[in-house]
Number of protein chains: 2
Amino acid sequence: MSAEPVEVTVEKRSRYDVESLLAVAVEVFGERGYDGTSMDDLARAAGITKSSFYHHVKGKEELLRRSLDRALGGLFAALEAAEAGEGAAVRRLEELLRGSVALLVAELPHVTLLLRVRGNTETERSALARRREFDHRVTALVAAAEAEGDLRISADPALAARLVFGLINSLTEWYRPGGELGEAALADAVVELALSGLRVRPAE
Amino acid sequence: MSAEPVEVTVEKRSRYDVESLLAVAVEVFGERGYDGTSMDDLARAAGITKSSFYHHVKGKEELLRRSLDRALGGLFAALEAAEAGEGAAVRRLEELLRGSVALLVAELPHVTLLLRVRGNTETERSALARRREFDHRVTALVAAAEAEGDLRISADPALAARLVFGLINSLTEWYRPGGELGEAALADAVVELALSGLRVRPAE
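Fair warning: this is a prediction, and the values are worked out from it, not measured in the lab.

Peer 1: What is the right way to read the relation of the copies chain A and chain B from this model?
Peer 2: Applying a rotation about an axis and a shift along it to one chain copy brings it onto the other copy. Note on the copies: chain A fits chain B at an RMSD of 0.0 Å, the axial shift is 0.0 Å, and the rotation between them is 180°. In short, the pair behaves as if placed about a two-fold rotation axis. When you check the interface residues of chain A against chain B, 100% turn up at the interface there too, and the contact is symmetric in its surfaces.

Peer 1: Help me out: how do you make sense of the pattern of salt bridges in this one?
Peer 2: If charged atoms from side chains of opposite charge come close, those side chains can pair. For the structure on display, the rule yields 34 salt bridges over all chains. The salt bridge involving Arg118 of chain B is made with Glu173 of chain A; its shortest N-O contact spans 3.5 Å. Linking Arg118 of chain B in the loop between helix 7 (108-116) and helix 8 (122-147) with Glu173 of chain A in the loop between helix 9 (157-169) and helix 10 (183-196), this pair reaches from one chain into another. Assessed through its relative accessible area of 47%, Glu173 of chain A is described here as partly exposed. Two residues, Glu83 of chain B and Arg137 of chain B, come together in a salt bridge whose shortest N-O distance is 2.7 Å. In this pair, Glu83 of chain B sits in helix 5 (residues 60-84) while Arg137 of chain B sits in helix 8, placing the two residues 54 residues apart along the sequence. Taking relative accessible area as the criterion, Arg137 of chain B reaches 22% and is therefore assigned partly exposed.

Peer 1: Help me out: how do you make sense of the nonpolar core in this one?
Peer 2: Proteins that are soluble and globular tend to have nonpolar side chains buried together. Counting residues in hydrophobic clusters, the biggest one holds 136 residues, and the most contacted among them are Phe53 of chain A together with Phe53 of chain B. The contact partners of Phe53 of chain A, leaving out residues within four places of it in the chain, are Leu21, Met39, Leu42, Ala43, Ala46, Ile48 and Leu63 of chain A.

Peer 1: How should I be thinking about the interface of chain A and chain B in this particular structure?
Peer 2: It is common to report an interface's size as the accessible area lost on association of the parts. The partner chain B presents 39 residues to the 39 residues of chain A that form the contact. Contact between chain A and chain B buries roughly 3700 Å² in total, counting both sides, with carbon and sulfur atoms accounting for 57%. Contact with chain B buries surface across chain A, with Arg152, Leu198 and Arg199 of chain A losing the most and accounting together for 22% of the total. Taken together, the links from chain A to chain B amount to four salt bridges. Close ionic contact of Glu94 of chain B with Arg199 of chain A constitutes a salt bridge, the shortest N to O distance being 3.8 Å. In this structure, the connection of chain A to chain B is made through 10 residue pairs in polar contact (both at pLDDT 80 or more). Every element with two or more residues in the side of chain A that touches chain B is listed here: helix 6 (89-106), helix 9 and helix 10 of chain A. Partitioning the side of chain A that touches chain B into residue classes produces 22 nonpolar, six polar and 11 charged.

Peer 1: Explanation requested: the environment of Arg92 of chain B in the structure shown.
Peer 2: All names here are of chain B. On the secondary structure map, Arg92 appears in helix 6 (residues 89-106). Non-local contacts of Arg92, meaning those with residues more than four positions away in its chain, are made with Ala82, Glu83, Gly85, Glu86, Gly87 and Leu141. Among the polar contacts made by the side chain of Arg92, one reaches the main-chain carbonyl oxygen of Gly87 at a distance of 3.2 Å.

Peer 1: Would you explain the packing of aromatic side chains in this entry?
Peer 2: Taken as a whole, this structure holds eight aromatic pairs over all chains when the rule is applied. With centroids separated by 5.0 Å and ring planes inclined at 75°, the aromatic side chains of Phe29 of chain A and Tyr34 of chain A adopt a geometry described as edge-to-face. Residue Phe29 of chain A is classed as buried on the basis of its relative accessible area of 2%. Residue classification places Tyr34 of chain A among the buried positions, given a relative accessible area of 9%. With a centroid separation of 5.7 Å and an interplanar angle of 75°, the aromatic rings of Phe76 of chain B and Phe134 of chain B are classed as edge-to-face. Pair noted here: Phe76 of chain B is in helix 5 and Phe134 of chain B is in helix 8, with a separation of 58 residues, a long-range link. Phe134 of chain B sits in the buried class, given a relative accessible area of 5%. Lying across the ring of Tyr34 of chain A, Lys60 of chain A places its NZ or CZ 4.2 Å from the centre.

The rules behind the values
Residues numbered from 1 in each chain as written. Chains lettered and ligands numbered in written order. Predicted model: local features only at pLDDT ≥ 70, side-chain atom pairs only at ≥ 80, totals over all residues. Heavy atoms only, no water. Least-squares fit on C-alpha atoms with pLDDT ≥ 70 in both. Contact = heavy atoms within 4.5 Å. Salt bridge = Lys/Arg side-chain N within 4 Å of Asp/Glu carboxyl O. Helix = DSSP H or I, 4+ residues; strand = E, 2+ residues; numbered from the N terminus. Buried < 20%, exposed > 50% of the residue type's maximum accessible area, 1.4 Å probe, protein only. Core = buried A, V, L, I, M, F, W, Y, C linked by side-chain atoms within 4.5 Å. Buried area = accessible area lost by both parts, 1.4 Å probe. Polar contact = N/O pair within 3.5 Å; in protein donor to acceptor, adjacent residues only side chain to side chain. Nonpolar A, V, L, I, M, F, W, Y, C, P; charged D, E, K, R; others polar. Phe/Tyr/Trp six-rings, centres within 6.5 Å; stacked < 30°, edge-to-face > 60°. Lys NZ or Arg CZ within 6 Å of the ring centre and 35° of its normal.

Keep in mind these numbers describe shape, not what the thing actually does.
As structure tokens, then:
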């Protein structure tokens, strides 16, 4: 390794920055699971030595934290925009759904990883706590829309929030950006289903 | 092992039948992934020897097949009942959603395993093919309801079917039978969201 010319090392460093290593790591975490992934696995997948890898990041938990922060940061940004918005809560809920679909499309590997977190490390437990906070604040927005008389759900707001975000999260199972179905059409379909349902008229 | 009294062997055999070994296997598959699970892992989790395990089943793929058959058999039974039913397609679609929620609640570990199948073995590829057939037939039911003028979804029927079953499948992430929320209330909430949406009136 030390026999490599300096130019190559420099080129490698410029090719592999934290961002590209993060992309590799998230892919490997998705395949093998976070617990089942070693720094050796990550270095092999990136095609660099473990010591080069450590030049960029402290370890695999830093990569996990960066990935989860990316997903959670985006979700909270969408939530905060909806909370700070003016107008009816049901409109702001719609904005939140659109923002969440957009985030999922833009950061699909990170959102997918977030949804698989089970809480074996401090980083994962912290992410789970932030997900719970997110759920509570979405529930509050649903409750506000209900209090304004705009929602008819007979279930409680926490259940409604759970179902709607279950619907959005399920997109990670099959949606792949770059296909025929664009982000705007996807968001329209999700919002239409969540707010208006499939049926033309209420049950007889 | 051969030093054990015969009574104990008989007791073990009666305690561990295919059904209970299947329950153990599905739990271990869920934790470690099917590919990451060996017969040694399964025998250890069941607390019996590997040869006792082979007395009941041919190998781990048989257990996977039985689990996936349980989930798929239930889903197709619900689908066939909906297809064979009389009345409006939208009503039969509602029956399918209720039947699918009931199956998910009754066979949660098996449905969860089905949703994680990625297609590395013949058994998994066969299950994926049956899932695709299920999706196509649900799409046909949605299209029939649309043709009868009962659905307003502007997206295509395949997308609508995908979103609604994404919503149902997402229940595996958080629903646990035996809690406060019973199966009937859960099915009501899913059907209300899928068919009527959350909003009282259409957008201004």
